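So you can see what is in the structure, the chains are spelled out below.
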Amino acid sequence: MTLADRAIRNPVFAWMLMFGLIFFGGISYNRMGMGLMPDVDAPVISVSARMEGAAPEVMETEIVDQIEEAIMGIEGVKEVSSSARYGRASITVEFVLSKNIDVALQEIQARLAQITRDLPREMDPVEFHKRNPEDQPILWISLRGKKSLRELMEYTRDHLKDRFQTISGVGEVFLGGFTDPALRIWLDTQKMERLEITVDDVMNAIQMQHVELPAGLIEGRRQEQNIRVVGEAGDVKEFENIIIPARSGGGPIYKTLRLKDVGRVEEGLADIRNLSRT
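The following paragraphs examine the structure supplied in this document. Just so it is clear, the structure is predicted and the values come from calculations on it, not from any experiment.

Remarks on the overall build of the protein chain
Now for step 1: Looking only at helices and strands, one finds 8 helices and 8 strands in the protein chain.
Now for step 2: Whereas a compact globule of 278 residues would reach a radius of gyration of roughly 19 Å, the protein chain reaches 32 Å, over 25% beyond that.
Now for step 3: For the protein chain, the residues scored as buried account for 22% of the 278 residues in total.
Now for step 4: In the protein chain, the proportion of contacts linking residues at least 24 apart, taken out of those at least 6 apart, comes to 62%.
Now for step 5: When the 34 positive and 43 negative side-chain charges of the protein chain are each reduced to one mean point, those points stand 6 Å apart.

Here it is in structure tokens:
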């Protein structure tokens, strides 16, 4: 005899069974643990690639396609999504829940190490990040003031970021819309033509003189001291006084020629390609 037949012949039994299910179901529902943001450690890895000045089409064909082809052969890959922008690309790899995230990261690193020769030499080293929905930013703080944009950037990088990172519970501080301070050199083409100086001459002079190098050790009977050549310019005035020693074609320069003789140097920011609005 089935349950339906017994319920038809004994309606009281059917009603008691139904009320019992409703009663115990209500108790179970009230005692059920619920979380608005449950702790879900999804095995997701993000791969970031950068190549300065590369168009999105170049990033896709030369980098993204190569990385995707290598990753697709890894066991446990559930989904691969990518995006290519000017100068950078991002590939997101989602694995099945049973996949160990640390093992997956090692497998991706091993696969990409095998295709290093196929990637452009001009690109920066590939970066890997383990992603978790709980790691998304939960607090954004904006900074504004009457100072210049360069001063705000320097203050944020040198002071605010360090203070926020030392707060208990802070895992990472991300600077949105941040641009590194930089020096800009505006060359005068007429002066360069008159002095027979090219852009390569200026770049070679900066690379040779705006640098700090180790100079060895001075050893004594009881102590030894490190020696370094302090060659980096500390401010705009020192940078303007960098000497251009020679021409790229090998022609000699018979008088002292400095950067300020062929252009001007000013404090500024690197090329702004990211904006943050509040």
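Following the structure, the description resumes.
Concerning the side chain of Thr-156
Now for step 1: Note that Thr-156 resides in helix 5 (residues 149-165).
Now for step 2: Residue Thr-156 is classed as buried on the basis of its relative accessible area, which comes to 16%.
Now for step 3: Among the polar contacts made by the side chain of Thr-156, one reaches the main-chain carbonyl oxygen of Leu-152 at a distance of 2.8 Å.
Now for step 4: Ignoring anything within four residues of it in the chain, the contact list for Thr-156 reads Leu-143, Lys-161 and Leu-175.

Brief notes about the nonpolar core
Now for step 1: Membership of the largest hydrophobic core comes to 24 residues, with the highest contact counts inside it found for Ile-45, Ile-63, Ile-71, Ile-91, Phe-95, Ile-108 and Leu-112.
Now for step 2: Secondary-structure elements contributing two or more residues to this core are strand 1 (44-50), helix 3 (56-71), strand 3 (88-95) and helix 4 (101-114).
Now for step 3: Setting aside chain neighbours within four positions, we find Ile-108 in contact with Ile-45, Val-47, Ile-71, Ile-74, Val-93, Phe-95 and Phe-128.
Now for step 4: By size, the runner-up hydrophobic cluster in this structure holds 15 residues, among which are Ala-205, Ile-206, Ile-253 and Leu-257.

Some thoughts on a negative patch on the surface
Now for step 1: Taken together, the side chains of Glu-57, Glu-60, Glu-62, Asp-65, Glu-69 and Asp-118 define an acidic patch exposed on the protein surface.
Now for step 2: As for its placement among the helices and strands, Glu-69 is situated in helix 3.

Criteria and cut-off values
- Residues take numbers from 1 onward in each chain, read along the sequence in its written order.
- For this predicted model, a pLDDT threshold of at least 70 governs which residues receive local features, and a threshold of 80 or more governs which side-chain atom pairs are given and counted, while totals over whole chains, interfaces and linings are taken from all residues.
- Side-chain metrics rest on all non-hydrogen atoms present in the structure, leaving aside hydrogens and water.
- Only DSSP runs of H or I covering at least 4 residues are called helices, and only runs of E covering at least 2 are called strands; the numbering of each starts at the N terminus.
- Each radius of gyration reported is based on C-alpha atoms, and the globular scaling rule is 2.2 Å times the count of residues to the power 0.38.
- Exposure categories follow from relative accessible area, calculated using a 1.4 Å probe and restricted to protein chains: below 20% of the type maximum is buried, above 50% is exposed, and the middle band is partly exposed.
- Whether two residues are in contact is decided by their heavy atoms, any of which lying within 4.5 Å being enough.
- Charge convention: Lys and Arg are scored as positive, Asp and Glu as negative, and His as well as the terminal groups of each chain are ignored.
- Each charge is placed at NZ for Lys, CZ for Arg, CG for Asp and CD for Glu.
- Any pair of nitrogen or oxygen atoms within 3.5 Å is treated as a polar contact; in protein, a donor-acceptor pairing is required on top of that, and neighbouring residues in sequence qualify only through side-chain atoms on both sides.
- Take the buried Ala, Val, Leu, Ile, Met, Phe, Trp, Tyr and Cys residues and link them wherever side-chain atoms come within 4.5 Å; each set so joined is a nonpolar core.
- The residues that make up patches have over 30% relative accessible area and no salt bridge, and they are joined within 9 Å when like-charged or within 5 Å when they are Val, Leu, Ile, Met, Phe, Trp or Tyr.
- In short, Shrake-Rupley with a 1.4 Å probe defines the accessible areas, and a residue's cover is counted only from the protein chains shown.
- What counts as a salt bridge is simple: a side-chain nitrogen of Lys or Arg found within 4 Å of a carboxyl oxygen of Asp or Glu.

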